[in-house]
Every structure is written in structure tokens, then in C-alpha cells.
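# Architecture and fold: a report
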Amino acid sequence: MSQENAPIKIDKWDGNALKNALDDAAKKIMNESYGLVESFKLIDGRLALCSMAVSCSLFALLWDFLYPFPASKTVLIICVACYFILTGVISVYLLYFEGGVFYVGLEKDKAGIDPDDKWTLQSSLKKYDDQYCLKITYTGGVSKQTRSVERVCSVTEFFDEEGTLCYDLYEATVKGLKDSLSADKKAK
Amino acid sequence: LLDISFLSDLKRMNKRQVFYQFLSFGMIVSSALMIWKGLIVATGSESPVVVVLSGSMEPGFYRGDLLFLTNDLEDPIRAGDIAVFRIKGRDIPIVHRVLQVHERDDGYVKFLTKGDNNAIDDRGLYAPGQLWLEKGDVIGRAKGFVPYIGMVTIVMNDYPKFKYAVLGLLGIFVLLNREA
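Note that the structure is a prediction, hence the values are computed from the model and not measured.

Thresholds, definitions, all that
- Residues numbered from 1 in each chain as written.
- Chains lettered and ligands numbered in written order.
- Predicted model: local features only at pLDDT ≥ 70, side-chain atom pairs only at ≥ 80, totals over all residues.
- Heavy atoms only, no water.
- Pairing = 2+ DSSP bridges.
- Helix = DSSP H or I, 4+ residues; strand = E, 2+ residues; numbered from the N terminus.
- Axes fitted to C-alpha atoms, helices over the stretch in contact; angles between N-to-C directions.
- Parallel < 35°, antiparallel > 145°, perpendicular 65-115°, else oblique.
- Left-handed = near helix turned anticlockwise from the far one by under 90°.
- Contact = heavy atoms within 4.5 Å.
- Nonpolar A, V, L, I, M, F, W, Y, C, P; charged D, E, K, R; others polar.
- pLDDT = per-residue confidence, 0-100.
- Domains from an automatic or database assignment.
- Core = buried A, V, L, I, M, F, W, Y, C linked by side-chain atoms within 4.5 Å.
- Buried < 20%, exposed > 50% of the residue type's maximum accessible area, 1.4 Å probe, protein only.
- UniProt positions renumbered as here; feature names shortened; annotations may be inferred.

## A word on the sheet that holds strand β1 (residues 37-38) of chain A
Within a sheet, each strand pairs with its neighbour through backbone hydrogen bonds, oriented either parallel or antiparallel. Ordered by their spatial adjacency, 5 strands build an open sheet running β1-β2-β3-β4-β5 (chain A), and the pairing between neighbours is antiparallel. At either margin of the open sheet sits one strand with a lone partner, and together these are β1 and β5 (146-154) of chain A.

In C-alpha cells form, the structure reads like this:
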């Protein structure tokens, strides 16, 4: 049975697996090394929208089963319209609100008074490409200002011949990025 | 076995991501369902797409052709129309041509059908004692068709294990494929 700290090993030619491995490792680094608390609001929003869409179609199925067409005509029209409107909303939500964000971490204020600072991680990796772009955004809880930094690296920098993730190398890169943002914060 | 590399993606998913996998599957099934129900409402027919199952309408339609139906109740049924109907008590839709129509002033219509390639009319196919079809038996009238494609449906229904295998594999593929 593999444990939490076993090295991540994937198929190095699978672009999806590469991105997922790097994203998961970045999440782990942010949670463990900096004690950030992960916020699931963005993901929950998406889950809620999708659940609503699926419920809409299940309701239509049930209603049509109990009151066969043509008695169910009005209900069907409403459900189909709602479903496709919701699908459109979900697409917009994924494109603009989520937009590649895979992690939102909250930095609790030590005194417990001020609102939390927010650290957002976004990444992108094009199909059949090796250029992994990681973007860290800092939003001040009090100041409400945003600062971000991004870095494009080749995935070959972090994976070895067998497809094992070199966690230490990646950790150094991610921490370097985040610390550069924190340093900026202090300088200002 | 559990250490196969492609499964490592799945092991690292949290509860929400697992739920999203099932939701993605649900969304795909729901989209297909909503398109089908949408077609039902738009065409007014309870089965807007049917497959021709026999050769009784050759040379016009062959076994395996896909038919697109609409069911406009305002449009009067006329001799020569190709109607798709179900006999009461049976599931299988029949695609034949309308031969004779009788209309009453109050709007009641009864009609007789026959397959182009059949020697006799359909009275032998109707329910015992039934001599005519009524509007309520009609699922729709053919408005367009695509040849050959329906053979896939016929094969899948003749070999249900094949159908379940294909659907099962598709389902597993969707559930186990973690997107970035």
C-alpha cells in the first residue's frame, strides 16, 4: 500500500498526468510548508452548478416516466431549457471564474482579527507541449491588492526518465516563487 | 496491481474530485437525455428517430435506415404518407405507407396501411378484430432519412452483450479519466 509520502510516478508521455502530478504536488507544498488552509469555495461552486444541471435532467426523466408525453410537454420544455442554460453558465464559470485555478489557500491572520490573505495557484500545460506555466497570485486580506508571479518551466526539469516526480526540485521552485511574492509584500 | 501508473492519478484525488468524476459522467448522460427529450418536444413525436427493421418498404427504405419523424397533429393524414405506428399491445414500431383514409366531419380519422414491398395490406398485423388505425396509433410521419447508420442499433439489439460491453467500457473510460 502506498503512503502519503511515496514518490509520484506517472506515464511521462501523458500530458494530463504530468499536469495533475505537478498540480497535486504544488497543493501539497502550499498546505504543508506554509500552513495554508485550503478553500474549496470555487470547486464547490462548480460542483453545485453541475449537480443542479444533472438534477434538472433527472427530474425531467422522472416526470416523463410518471406522466408520459404529451402530458409532460411543458415540464420537459422547462427542464431542457434550464439544462442548456445551466450548461452555458457552467462553461462561463469554468472559463472566467476558475480559469485554470487549481488551489486557493487562505493565510489566517495571526491575531485572528483581519480577513485572511489569499494565495491562488493557476497552471496550464498545452496538449503535447512540455511548457508548464505556474502562476501564484497573492491577494491581501486587508489591502485587497493583488500581486502575482508566473514561471514557465519545461516538465523535463521535474520528472526523471521513469516518470517519477523529483519532489525536492519542484518544491524548491514553488517555494522560490512564493517567497519572491512574500518578499515583494514586505518590501512594499 | 494498484500501482499501475495511470491509477496514481486517481489515488491522489480528494472527495470533491471523485464526486466531480461522477458528475462529469452524469453530465454526459444528461446531455444525451436532454437532447433526446428536446427532440421529442420539438417534433411532437414520442420517438423522433426510428430504425427501419424490415424490408417491407423496399426499394424506398431498407433495413437499417434511420428515419427522422415529426408528429404534427394538425396536419391531416393523407394516402401516400409514410407513417410510423405502433399496434396496441406491441412495442415494435412499423413503418408503412397509408393506403386509404376515411374522415368524418367531427375530425375522427381512420386509415389503412400497407408496406410497399408487401403483397397484402396490414390488416393481418393489426390487433385481433382491428380493421383500421387511428391518429393515436401514429408515432409520426417520416420527414427525412439517413441510410445504413441504423444497422449499428440493429446489431446492438441482436447482441445485447455487445451493447452492454460497449456502454460499460465507455462509462469506465469516462469515470477513470481524470481531466487536468
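## Re the packing of helix α2 (residues 41-66) of chain A against helix α2 (residues 15-43) of chain B
At a closest axis distance of 9 Å, the pairing of α2 of chain A and α2 of chain B adopts a crossing angle of 40°. Considering their axes alone, α2 of chain A and α2 of chain B lie oblique with respect to each other. The way α2 of chain A lies across α2 of chain B gives a crossing that is left-handed. On α2 of chain B, the residues touching Ile43, Asp44, Arg46, Leu47, Cys50, Ser51, Ala53, Val54, Ser57, Ala60, Leu61 and Asp64 of chain A of α2 of chain A are Arg16, Phe19, Tyr20, Leu23, Gly26, Met27, Ser30, Leu33, Met34 and Lys37 of chain B. Split by residue class, the contact of α2 of chain A with α2 of chain B holds 13 nonpolar, 4 polar and 5 charged.

## Let's talk about the confidence of the model for chain A
With 95% of its residues at a pLDDT of 70 or more, chain A has an overall mean of 88. Element-level pLDDT for chain A is lowest in helix α4 (residues 167-187) of chain A, with a mean of 85, against a maximum mean of 94 in α2 of chain A.

## Here's the deal with unusual backbone geometry
The residue after Phe69 of chain A, namely Pro70 of chain A, is reached through a cis peptide bond having omega 10°. Among the secondary structure elements, Pro70 of chain A is positioned in the loop between α2 and α3 (73-98). Along the chain, Glu58 of chain B connects to Pro59 of chain B via a cis peptide bond; the corresponding omega equals 0°. Position of Pro59 of chain B relative to the elements: it lies in the loop between β1 (49-51) and β2 (66-70). Of note, the phi angle at Tyr128 of chain A is positive, near 60°, even though the residue is not glycine. Relative to the elements of secondary structure, Tyr128 of chain A occurs in the loop between β3 (117-125) and β4 (131-139). Positioned with a positive phi, Tyr148 of chain B is a non-glycine residue whose angle comes to about 70°. Looking at where Tyr148 of chain B falls in the secondary structure, it is placed in the loop between β7 (138-146) and α3 (151-158).

## As for the domain arrangement of chain A
Frequently, the measure chosen for interface size is the accessible area removed from exposure when the parts meet. For chain A, the assigned domains read domain 1 (17-36 + 108-187) and domain 2 (43-97). Look at where the C-alpha atoms of domain 1 of chain A and domain 2 of chain A centre, and you get two points 36 Å apart.

## Remarks on the packing of α2 of chain B against helix α4 (residues 160-176) of chain B
All names here are of chain B. The N-to-C vectors of α2 and α4 enclose an angle of 135°; their axes lie 8 Å apart at closest approach. For the element pair α2 / α4, the angle class is oblique. Crossing of α2 over α4 shows right-handed handedness. Contact residues: α2 offers Gln21, Phe22, Phe25 and Ile28, while α4 offers Gly171, Val174, Leu175 and Leu176.

## A closer look at the nonpolar core
Residue and element names in this part refer to chain A. One finds Leu22, Tyr132, Phe159, Leu165 and Tyr170 to be the most contacted residues of the largest nonpolar core, which totals 29 residues. At the level of elements, α1 (15-34), β2 (101-107), β3, β4 and α4 are the ones that each hand at least two residues to this core. In terms of residue count, the dominant contributor to this core is α1 (8 residues). Aside from chain neighbours lying at most four places away, what touches Leu165 is Ile8, Ala21, Leu22, Ala25, Phe158, Phe159 and Tyr170. Grouped together as the second largest cluster of nonpolar side chains are 23 residues, Val54, Cys79, Leu86 and Ile90 included.

## Focus: the UniProt feature "transmembrane region" (unreviewed entry) in chain B
Taken from the UniProt record, the annotation "transmembrane region" (unreviewed entry) applies to residues 18-36 of chain B. Along residues 18-36 of chain B the backbone is 100% helical and 0% strand, and the end-to-end C-alpha distance reaches 28 Å.

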